[in-house]
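The lines below spell out each chain.
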Amino acid sequence: MKTTKTTATITLLVAAAIAMAACTPNEDPNAWQTATPSPTSSPTPTANPTTPPTPTAGEQATSESEAVDQATQAVQRYYDATFTMMSTAGLGADYLTGLIVPGAPIEQLVQLNAKSGYRLEGAPTKWSTNAAMSTVGPIKDGTGASAQYGNVDVYGCSSNADTETFDPQGTHLDTPKGSSPGVFSVYFSPSQGAWLIYNFKTLVNRDGTVVEGAPQC
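Within any chain, residue numbers begin from 1 and follow the written order of that chain's sequence. Local features in this predicted model are restricted to residues whose pLDDT is 70 or higher, and side-chain atom pairs enter the listing and the counts only when it is 80 or higher, whereas totals over whole chains, interfaces and linings include all residues. The side-chain values count all of the structure's non-hydrogen atoms but skip hydrogen atoms and water molecules.

## A short note on the overall build of the protein
Thinking step 1. Here a helix means four or more residues in a row that DSSP labels H or I, a strand means two or more in a row labelled E, and each is numbered from the N terminus. A count of helices and strands for the protein gives three helices and eight strands.
Thinking step 2. Order of helices (α) and strands (β) in the protein, N terminus to C terminus: α-α-α-β-β-β-β-β-β-β-β.
Thinking step 3. Partitioning the intrachain contacts of the protein with sequence separation of at least 6 by distance along the chain shows that 72% fall at a separation of at least 24.
Thinking step 4. To measure how exposed things are, a 1.4 Å probe is used in the Shrake-Rupley method; for residues, cover is taken only from the protein chains shown. Summing over all exposed atoms, the protein offers an accessible surface of approximately 10200 Å²; the carbon and sulfur share of this is 51%. Between two residues, a contact is recorded if the distance between any of their heavy atoms is within 4.5 Å.

## Side note on the sheet that holds strand β1 (residues 119–122)
Thinking step 1. Spatially, three strands are ordered β1-β5-β6 in an open sheet, and the strand pairing comes out antiparallel. On the outer flanks of this sheet lie β1 and β6 (172–173), each paired with one strand and no other.
Thinking step 2. Alignment of β1 against strand β5 (residues 163–166), held across four bridges, turns out to be antiparallel. Each residue of the ladder has a partner; that of Arg-119, found in β5, is Phe-166. Two strands make a pair as long as DSSP finds a minimum of two bridges between them.

## Topic: helix α3 (residues 106–116)
Thinking step 1. Three or more residues of α3 are buried, namely Ile-106, Leu-109, Val-110, Asn-113 and Ser-116. The buried residues of α3 occupy an angular sector of 135 degrees when the element is viewed end-on, so they sit on one face.
Thinking step 2. Following α3 by one or two positions, Gly-117 adopts a phi angle in the positive range, close to 90 degrees. The buried label goes to any residue with under 20% of its type's maximum accessible area, the exposed label to any with over 50%, and the partly exposed label to all in between, with areas taken from a 1.4 Å probe on protein chains only. The directions considered for the arc run from the helix axis to the C-beta atoms.

Written out as structure tokens, the structure reads:
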């Protein structure tokens, strides 16, 4: 595929932070430890936004397509929580603790966003999955529990069409609107019954060109 220029970004801050935190997915998905709190039911829409979100505990996926669907939900849940963290005064990186693998590369991105001082308004980034490109494999967590379809690399596009970004001084940033390709590594914790974000890799180069072979956005 020929690389092309793109103006698509998630937000000015988030795109920059992703570039700093991005790395290749964990080559040994069985080497992680499960130290996050046991998941409980997700907050209802009327819940206080300062209540940290946790994924609803569920059964393992029974097929690759089901695993991709469930991992996709985890990605959007992560974006929704990131928006809440960056649009609500007083929230920090610990707000997303229940949605990510502890000590994973995504943790650095969450911390960068939380400490930046940038604020978001409007609506969260929206994720759309390219199911044909996404891959699924087995996983075993730190307790020895396993899941046949618990290790998913979810390829797709992030859209910031409804998100507005403000710098630490409160100045609105004229961030280009559009979609950009990327891949999330999402792990299912068999012992907790929850999907957690491990990593994100942007598929846009620093010069604005799309990585060859990336999803079409």
